[in-house]
Amino acid sequence: PGVGASAGTPFDSADDSTSTTVITPNPELALVKTAGATTDNNGSGLLDAGDTIAYSFTVTNTGNVPITDIVVTDAMLGAVTCEKTSLAATEPDDATTCTAAAPYQVKQTDEGTSLVNTASVAGLDPDDQPVPEVEAQATVDIGSPAPSIPRVKQVLASSQSSNRAPRNAVSS
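Attention here is on the structure that accompanies the text.

The rules behind these values
- Residues numbered from 1 in each chain as written.
- Predicted model: local features only at pLDDT ≥ 70, side-chain atom pairs only at ≥ 80, totals over all residues.
- Heavy atoms only, no water.
- Helix = DSSP H or I, 4+ residues; strand = E, 2+ residues; numbered from the N terminus.
- Buried < 20%, exposed > 50% of the residue type's maximum accessible area, 1.4 Å probe, protein only.
- Contact = heavy atoms within 4.5 Å.
- Areas by Shrake-Rupley, 256 points an atom, 1.4 Å probe, with all protein chains shown as cover.
- Core = buried A, V, L, I, M, F, W, Y, C linked by side-chain atoms within 4.5 Å.
- Lys, Arg positive; Asp, Glu negative; His and termini not counted.
- Salt bridge = Lys/Arg side-chain N within 4 Å of Asp/Glu carboxyl O.
- Pairing = 2+ DSSP bridges.
- Disulfide = S-S within 2.5 Å.

**Structural notes on the overall build of the protein chain**
At step 1: Helices and strands together make up the secondary structure of the protein chain, namely zero helices and 10 strands.
At step 2: The helix and strand sequence of the protein chain, counted from the amino end, reads β-β-β-β-β-β-β-β-β-β.
At step 3: Put simply, the protein chain has 172 residues, and 27% of those count as buried.
At step 4: Here the contacts in the protein chain between residues at least 6 apart in sequence split such that 60% fall between residues at least 24 apart.
At step 5: On the protein chain, roughly 11600 Å² of surface is accessible, and the fraction owed to carbon and sulfur atoms is 51%.

**Let's talk about the nonpolar core**
At step 1: By size, the foremost hydrophobic cluster in this structure holds 26 residues, and its most contacted members are Leu29, Leu31, Ile53, Tyr55, Phe57, Val59 and Val72.
At step 2: Elements with a minimum of two residues in this core: β3 (29-39), β4 (52-61), β5 (68-73), β6 (80-82), β7 (95-100), β9 (114-124) and β10 (134-141).
At step 3: When residues no more than four places from it in sequence are discounted, the contact partners of Val72 are Leu31, Phe57, Val59, Val80, Cys82, Cys98, Ala119, Ser120 and Val121.

**Here's the deal with the side chain of Asp110**
At step 1: Among the secondary structure elements, Asp110 is positioned in the loop between β8 (104-105) and β9.
At step 2: Here Asp110 occupies a buried position and makes no salt bridge, while the nearest side chain of opposite charge, Lys107, is found at 5.1 Å.

**Quick look at the pattern of salt bridges**
At step 1: Throughout the structure, instances matching the rule amount to two salt bridges.
At step 2: When the shortest N-O distance is used, the salt bridge between Lys33 and Asp74 registers 2.3 Å. One end of the pair, Lys33, is in strand β3; the other, Asp74, is in the loop between β5 and β6, and 41 residues separate them in sequence. Exposure class is identical for Lys33 and Asp74. Each is buried.
At step 3: Salt-bridge contacts for Asp94 lead to Lys84; the nearest nitrogen and oxygen are separated by 2.9 Å. Of the two residues, Asp94 sits in the loop between β6 and β7 while Lys84 sits in the loop between β6 and β7, which places them 10 residues apart along the sequence.
At step 4: On the basis of relative accessible area, Lys84 is assigned to the partly exposed category, the value being 33%.

**Thoughts on the pairing of β4**
At step 1: Where burial is concerned, most of β4 is hidden: seven out of the 10 residues are buried.
At step 2: In the sheet, β4 pairs with β8 via two bridges, with the strands oriented antiparallel. Among the inter-strand pairings, Ile53 is bridged to a residue of β8, identified as Tyr104.
At step 3: In terms of strand pairing, β4 meets β7 through five bridges, oriented antiparallel. Counted as the bridge partner of Val59 is Thr96 from β7.

**Some points on the state of the cysteines**
At step 1: All told, the structure shown has one disulfide when counted by the stated rule.
At step 2: With a sulfur-sulfur separation of 2.1 Å, Cys82 is cross-linked through a disulfide to Cys98. Taking the torsion about the S-S bond as the criterion, the Cys82 to Cys98 disulfide, at about 100°, is right-handed. Note that Cys82 is positioned in strand β6 and Cys98 in strand β7, a separation of 16 residues in sequence.
At step 3: A residue is classified by how much of its surface remains accessible, and Cys98, at 0% relative accessible area, is buried.

Here it is as structure tokens:
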């Protein structure tokens, strides 16, 4: 109770109340991995051994807090560089594009398979705590070159018939 207009007269005042909405921090990243341009280095018309596949990545902050120290890891490609390593939460779906330092070179053991390549993304929330890691995959069908059978041609002299073995030919 407070004191009213006249001295010593008690009165009740309204409670001061404020409402504060507490938003639970939700650090979250999304990763999209894309198999892009391929290069037919051997001119076979197929994606096969010796050819290359370029990959790109898009990392998006889908959470409600800023994320820093963003790193994309891809064991098959090695070093991956992102345009930005920090993503704000104030911009809806703030994103960055990342690229591998070099394309993947198809190996002979990849031929005739569906090549599955997995990458992951990690980062830190505002409290320097790890953001849950997210993975993404890209699958590319690798061709198999048709087996070739060597052809051996032999020219018969005009005086020989097709029934006889050519001169100097070895028969078994």
